Amino acid sequence: MLKSFVLALFFGFLCASPEQARNQPPKVQKDAQLQASLESTGARLVSALEKGDSAALFSLFSKGGVVFEIDGPTVPLAFLKKTFSEKRSYYCRFFDTACMREESAEMRKKLQAKPSSSPENCYRDRILRSPERHVKAFVNSSDRETWGQISIYVRNDDRERYSGAEVPLDFELSLEDGVWKIVNVEPN
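Residues numbered from 1 in each chain as written. Predicted model: local features only at pLDDT ≥ 70, side-chain atom pairs only at ≥ 80, totals over all residues. Heavy atoms only, no water.

Draft legend 1. The overall build of the chain, seen in detail. Looking only at helices and strands, the chain has 8 helices and 6 strands in total. Seen in sequence order, the chain has helices and strands lined up from the N terminus as α-α-α-α-β-β-α-α-α-α-β-β-β-β. Counting the 188 residues in the chain, one finds 31% classified as buried. Within the chain, contacts between residues at least 6 apart in sequence are counted, and of these 50% link residues at least 24 apart. Carbon together with sulfur atoms contributes 54% to the accessible area of the chain, which is approximately 11700 Å² in total. (Helix = DSSP H or I, 4+ residues; strand = E, 2+ residues; numbered from the N terminus. Buried < 20%, exposed > 50% of the residue type's maximum accessible area, 1.4 Å probe, protein only. Contact = heavy atoms within 4.5 Å. Areas by Shrake-Rupley, 256 points an atom, 1.4 Å probe, with all protein chains shown as cover.)

Draft legend 2. Structural view of the packing of aromatic side chains. The tally for this structure, following the rule as stated, stands at 15 aromatic pairs. Judged by centre distance (6.2 Å) and plane angle (70°), the ring pair of Phe 68 and Phe 94 falls under edge-to-face. With a gap of 26 residues between them, Phe 68 in the loop between strand E1 (66–67) and strand E2 (74–75) and Phe 94 in helix H6 (residues 90–95) connect regions that are remote in the sequence. Here Phe 68 and Phe 94 have matching classes, each one buried. (Phe/Tyr/Trp six-rings, centres within 6.5 Å; stacked < 30°, edge-to-face > 60°.)

Draft legend 3. Quick peek at unusual backbone geometry. Not every positive phi belongs to a glycine, and Asp 71 is a case in point at roughly 55°. Here Asp 71 is to be found in the loop between E1 and E2. Taking relative accessible area as the criterion, Asp 71 reaches 79% and is therefore assigned exposed. The phi torsion at Asp 177 lies on the positive side, around 55°, for a residue other than glycine. Residue classification places Asp 177 among the exposed positions, given a relative accessible area of 69%.

Draft legend 4. Spotlight on helix H5 (residues 77–85). Among the residues of H5, Leu 80, Thr 83 and Phe 84 are the ones counted as buried. Buried residues of H5, viewed axially, fall in a sector of 100°; they line one side. The outward face of H5, more than 90 degrees from its buried face, is lined by the exposed residues Ala 78, Lys 81 and Ser 85. Its buried side turned inward, H5 meets helix H4 (54–58), E1, E2 and H6. (Arc of directions from axis to C-beta.)

Draft legend 5. Local environment of the pairing of strand E5 (residues 167–176). As paired elements, strand E4 (residues 146–154) and E5 share 8 bridges and run antiparallel to each other. Bridged to Ser 151 within E5 is Asp 170. When E5 meets strand E6 (residues 179–185), the two strands line up antiparallel, connected through 6 bridges. Residue pairing for E6: Leu 173 is matched across the bridge by Ile 182. Linking E5 back to E6 in an antiparallel pair, the connection comprises 2 residues, with Asp 177 at a positive phi of about 55°. (Pairing = 2+ DSSP bridges.)

Draft legend 6. Local environment of the state of the cysteines. Under the definition given, this model contains 1 disulfide. The disulfide partner of Cys 92 is Cys 99, and the gap between their sulfur atoms is 1.7 Å. The chirality of the disulfide connecting Cys 92 with Cys 99 is right-handed, given an S-S dihedral of about 55°. Side by side, Cys 92 and Cys 99 carry an identical accessibility label, which is buried. Summary of cysteine pairing: Cys 122 is not part of a disulfide, and the nearest cysteine sulfur, belonging to Cys 92, is at 8.7 Å. (Disulfide = S-S within 2.5 Å.)

Draft legend 7. Quick peek at the pairing of strand E3 (residues 133–141). Where E3 and E4 come together, 9 bridges link them in antiparallel fashion. For Val 139, the partnering residue across the bridge sits in E4 and is Gly 148. Here E3 hands over to E4 after 4 residues, the two strands then running antiparallel side by side.

Draft legend 8. Structural detail: the pattern of salt bridges. Applying the stated rule across the entire model yields 5 salt bridges. As a salt-bridge pair, Arg 93 and Glu 69 come within 3.8 Å of each other at their nearest N and O atoms. Here Glu 69 lies in the loop between E1 and E2 and Arg 93 lies in helix H6, a separation of 24 residues in the sequence. (Salt bridge = Lys/Arg side-chain N within 4 Å of Asp/Glu carboxyl O.)

Draft legend 9. Layout of the environment of Ala 165. Along the chain, Ala 165 turns up in the loop between E4 and E5. A C-alpha to C-alpha distance of 5.8 Å links Ala 165 and Arg 155, two positions 10 residues apart in sequence.

In structure tokens form, the structure reads like this:
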């Protein structure tokens, strides 16, 4: 019974007219605004990646830097700016497959590791080569913190283990001065 009520309330809110939405409690209105803002940020993220617009992508990064690995360090914005201007490292991960593969091969050689059996593509190429893709945005808001997640689901990933499956490119965001900024790029 309670589950039915919650579902009816949720779908009623989604289908509400602008006037009905304005009459919602302040927290519901704020959550809807945050969701719309996060979805807009997701659209800008996809556009930047599709167009290869590194300046547009860079503008979405947090002033405090970005984490790229599980439990990894926060990469300072100044370092990201340097790698983007030199078109290496993190820039390659987003926009240049050949560069990314070359750097990966060099690192593997230094570590005396075997060459990769399934080379990866940069985010831009994965998005552009995907015959279908969709974006999901999720806001988690409490009294203490608000964060968001944007997942860009792509198909046609070359990697053997994911061949033909939908693979998410996940980004965690936080609000900085009322604007969503990327704080974590999850490995996949």
